[in-house]
Amino acid sequence: MNLIAIKGVSKRYPNGVNAIQNMNLTIEKGDFVFVIGSTGCGKSTLIKMLYREVKPTKGSINVGGIDVAKLRNSKVYKIRRKIGVVFQDFKLLQKSTVYENVAFALEVLGLPKDEIHRKVLKSLELVGLKHKAKNYPHELSGGEQQRVAIARAIVNGPKLLICDEPTGNLDEKTSMEIMGVIDQVNKLGTTIIMVTHDTKIVEKMQKRTILLDSGRILKDYAKGTYKNEGRKNTK
Amino acid sequence: MKAVRILSRNIRDSFKSVFRNFSLSLASITCITITLVVVAFSIILSYNVNNFTTEIERDVTIVTFLNVDIDDEGRQTVLKEINKLDNIAKVEYESKMTIANEMMESSDVYKNIMSSWTEETSPLQDTYLVKVKDIERISETADQISKIEGVSTLKYGEGMVDKLVSVFDMIRKVSLVAVVALIIVTAFLIANTIKITIFSRRREIDIMRLVGASNINIKIPFVLEGLILGLLGSIIPIIITTYGYVAIYDKMDGQVFSSVIKLVEPTPFVYEISILLVIIGMIVGMFGSWRAVKKYLKI
Ligand SMILES: Nc1ncnc2c1ncn2[C@@H]1O[C@H](COP(=O)(O)OP(=O)(O)O)[C@@H](O)[C@H]1O
Ligand SMILES: [Mg+2]
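Residues numbered from 1 in each chain as written. Chains lettered and ligands numbered in written order. Predicted model: local features only at pLDDT ≥ 70, side-chain atom pairs only at ≥ 80, totals over all residues. Heavy atoms only, no water.

(A) Region of interest: helix 3 (residues 72-84) of chain B. Residues and elements named next belong to chain B. Its 13 residues place the ends of helix 3 19 Å apart at the C-alpha level, agreeing with the 18 Å of an ideal helix rising 1.5 Å per residue. Among the residues making up helix 3, those that are buried are G74, R75, V78 and I82. Looking straight down helix 3, one finds its buried side chains confined to an arc of 100°; they lie on one side. The outward face of helix 3, more than 90 degrees from its buried face, is lined by the exposed residues D72, E73, K80 and K84. In the core, the buried residues of helix 3 are packed alongside strand 1 (62-66), strand 2 (88-94), strand 3 (127-132), helix 6 (138-146) and strand 4 (151-155). (Helix = DSSP H or I, 4+ residues; strand = E, 2+ residues; numbered from the N terminus. Expected span 1.5 Å × (residues − 1). Buried < 20%, exposed > 50% of the residue type's maximum accessible area, 1.4 Å probe, protein only. Arc of directions from axis to C-beta. Contact = heavy atoms within 4.5 Å.)

(B) The interface of chain B and chain A, seen in detail. Contact residues are listed per partner, giving 18 residues for chain B and 23 residues for chain A. Here chain B packs against chain A, burying approximately 1,800 Å² in sum over the two surfaces, 59% of which is carbon and sulfur. On the surface where chain B and chain A come into contact, there are one salt bridge. The tally of links between chain B and chain A comes to six residue pairs in polar contact (both at pLDDT 80 or more). (Buried area = accessible area lost by both parts, 1.4 Å probe. Salt bridge = Lys/Arg side-chain N within 4 Å of Asp/Glu carboxyl O. Polar contact = N/O pair within 3.5 Å; in protein donor to acceptor, adjacent residues only side chain to side chain.)

(C) Region of the structure containing the site of ligand 1. All names here are of chain A. In the region of ligand 1, the neighbouring residues are Y13, N15, V17, A19, S38, T39, G40, C41, G42, K43, S44 and T45. At a separation of 3.4 Å, an oxygen atom of ligand 1 approaches a polar backbone atom of C41. At a separation of 2.9 Å, an oxygen atom of ligand 1 approaches a polar backbone atom of K43. For ligand 1, whose accessible area on its own is 560 Å², the fraction buried by protein is 64%. It is helix 1 (residues 43-50) that contributes the most residues to the shell around ligand 1, three residues altogether. Here the residues of the shell around ligand 1 are counted per class, giving four nonpolar, seven polar and one charged. (Near = heavy atom within 4 Å. Areas by Shrake-Rupley, 256 points an atom, 1.4 Å probe, with all protein chains shown as cover. Nonpolar A, V, L, I, M, F, W, Y, C, P; charged D, E, K, R; others polar.)

(D) Layout of the domain arrangement of chain B. Here chain B is partitioned into domain 1 (2-56 + 162-296) and domain 2 (61-156). Each of domain 1 of chain B and domain 2 of chain B was reduced to a C-alpha centroid, and the two centroids are 52 Å apart. (Domains from an automatic or database assignment.)

(E) Up close: the side chain of N87 of chain B. All names here are of chain B. Residue placement: N87 occurs in the loop between helix 3 and strand 2. Polar contacts involving the side chain of N87 include one to the side chain of T141, which spans 3.0 Å. The contacts of N87, once residues within four sequence positions are left out, are K131, V132, K133, D134, R137 and T141.

(F) Inspection of empty space enclosed by the protein at higher detail. Overall, the coordinates contain one cavity of 30 Å³ or more when judged by the stated rule. In this structure, the largest cavity occupies an estimated 130 Å³ of space. As for the largest cavity, its lining consists of 15 residues, of which I83, G84, R152 and A153 of chain A together with V211 of chain B are closest to the centre. Looking at which element gives the most residues to the lining of the largest cavity, the answer is strand 6 (residues 83-87) of chain A, with three residues. (1 Å grid on protein atoms, 1.4 Å probe; cavity = no way out; pocket = protein on both sides within 12 Å on 5 of 7 lines; lining within 4 Å. Points joined across faces, edges and corners; volume = space filled by probe spheres on them.)

(G) Broad picture of unusual backbone geometry. Cis geometry marks the peptide bond from T267 of chain B to P268 of chain B; its omega dihedral reads 0°. With respect to the secondary-structure elements, P268 of chain B resides in helix 10 (residues 266-297).

(H) Representation of helix 1 of chain A in the model. The buried count for helix 1 of chain A comes to six of eight residues, which makes it a mostly enclosed element. Looking only at helix 1 of chain A, the buried set comprises K43, T45, L46, I47, M49 and L50 of chain A.

(I) Highlighting the state of the cysteines. All names here are of chain A. Taken as a whole and assessed by the stated rule, the structure comprises zero disulfides over all chains. C163 supplies the cysteine sulfur nearest to C41, a cysteine that is in no disulfide, at a spacing of 17 Å. Residue classification places C41 among the buried positions, given a relative accessible area of 3%. (Disulfide = S-S within 2.5 Å.)

Structure below.
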């Protein structure tokens with residue numbers, strides 16, 4: 001069954017840039033998909049449309065039964081509650097502890113305290129950071145901070161986890177650790193879409209991989225078929 | 001239950017925010033304080049002036065002197081003519097003998113002089129004491145009465161009253177304009193405070209949106225913050241008003257210049273003003289922050 005169905009989608013920014021052009025794409029429930037391509041090819045625009053940070057100019061986008069392209073501004077929160085998002089720069093609250101950062105995602109939804117407590121600890125355990133719950137972000141390494149961000153993204157049990165270059169700021173070893181965590185999340189049933197520059201990771205993971213070029217799908221590698229065809233990191 | 005949890009979290013956060021940006025909050029609170037002090041002053045002034053006006057209005061009488069040689073029939077005709085005018089509230093007749101008696105009672109000197117006067121020899125005149133409905137038209141009404149056949153002369157505030165009333169009216173209008181202007185300025189200042197709060201909490205807001213907080217949920221803390229600023233700003237004006245007015249009232253013995261012009265009694269007047277100040281403070285605070293939220297949150 002498809003979790004995501006993108007049909008005839010184009011995005012033209014007000015400045016005239018055609019970031020995505022007439023794209024068709026479906027992603028199955030429980031799948032793990034990489035999105036790669038050179039800088040400016042439209043990777044971020046594509047995933048931003050999924051969580052309705054950006055509205056497509058044309059076409060329809062269905063995510064988990066919600067027509068995201070038609071979603072009104074005041075209803076955007078509905079799709080956000082089904083999707084977790086992780087970024088390169090972690091986006092943690094520096095003045096809050098690890099626990100508070102993760103709990104924040106549930107507090108703003110008005111969940112009861114004991115339920116928040118239970119879910120936060122479970123989430124922190126999954127990313128292996130339960131023992132640092134009382135620490136502040138600046139006391140953690142980059143890899144640990146990204147794990148907090150992942151814990152926050154999945155704490156409410158989203159159907160989809162979107163990662164925009166989650167390893168962009170991390171060294172190779174740490175990156176692979178993060179990939180391990182994301183893979184673990186995927187194995188527990190969450191669909192993953194991950195944007196990355198790092199073809200080494202993509203080659204190692206052997207998941208479905210979509211190569212973008214100038215807002216179009218240049219290649220769609222099925223699971224286990226990706227090979228870095230003589231290109232270096234597309235950075 | 002969920003709404004209560006979200007609200008209590010928001011109230012906590014809004015208080016935190018007020019104290020986190022304390023110097024900024026203080027500027028807004030000070031501005032609200034100044035505005036509300038002026039508002040309170042204006043309200044007290046307007047209320048009292050209003051009170052003066054009604055007191056004076058109740059007191060002002062057009063004393064209508066009738067011709068010395070007027071007879072009963074003439075008096076009746078004059079009364080009828082006066083009652084035909086539209087601004088008449090009450091007419092009372094006082095004969096020259098009644099007036100003489102009143103004067104004689106009030107002093108022995110008068111008694112010596114007047115006791116020998118009779119209906120025919122008395123130099124006094126019969127009068128109608130006329131009260132009007134609308135004090136601002138008193139000169140017009142007086143003019144109409146003076147033209148009635150059988151009326152000799154009139155006596156009333158002689159312009160003093162109209163002048164006083166129009167001065168009072170002016171005071172009310174000026175203070176109203178000042179209050180409105182100050183409220184607008186304050187709302188802008190609060191909007192500015194909230195704007196800076198919004199920018200300082202950009203990251204938090206972004207994350208809230210990302211994890212699916214609804215728009216209203218994102219807006220509430222800022223509107224609450226404005227409300228809190230308004231509440232805090234109304235404390236000092238309420239204290240000043242309550243104690244200040246009671247002190248002035250006691251000092252002046254509840255009247256201005258003469259017993260004719262009375263001040264409004266402090267209770268429940270000061271309580272009513274206090275409630276009004278709190279409400280104005282909260283509304284101005286919320287209005288200011290609502291503007292900022294609409295403009296800078298873009299959601
Ligand atoms: N908010 C925006 N306004 C205008 N142009 C944008 C905006 N965001 C991205 N773009 C442009 O759209 C194209 C695709 O950008 P993006 O999706 O961020 O690419 P990628 O993530 O693959 O590097 C680029 O040319 C970029 O300059
Ligand atoms: Mg990008």
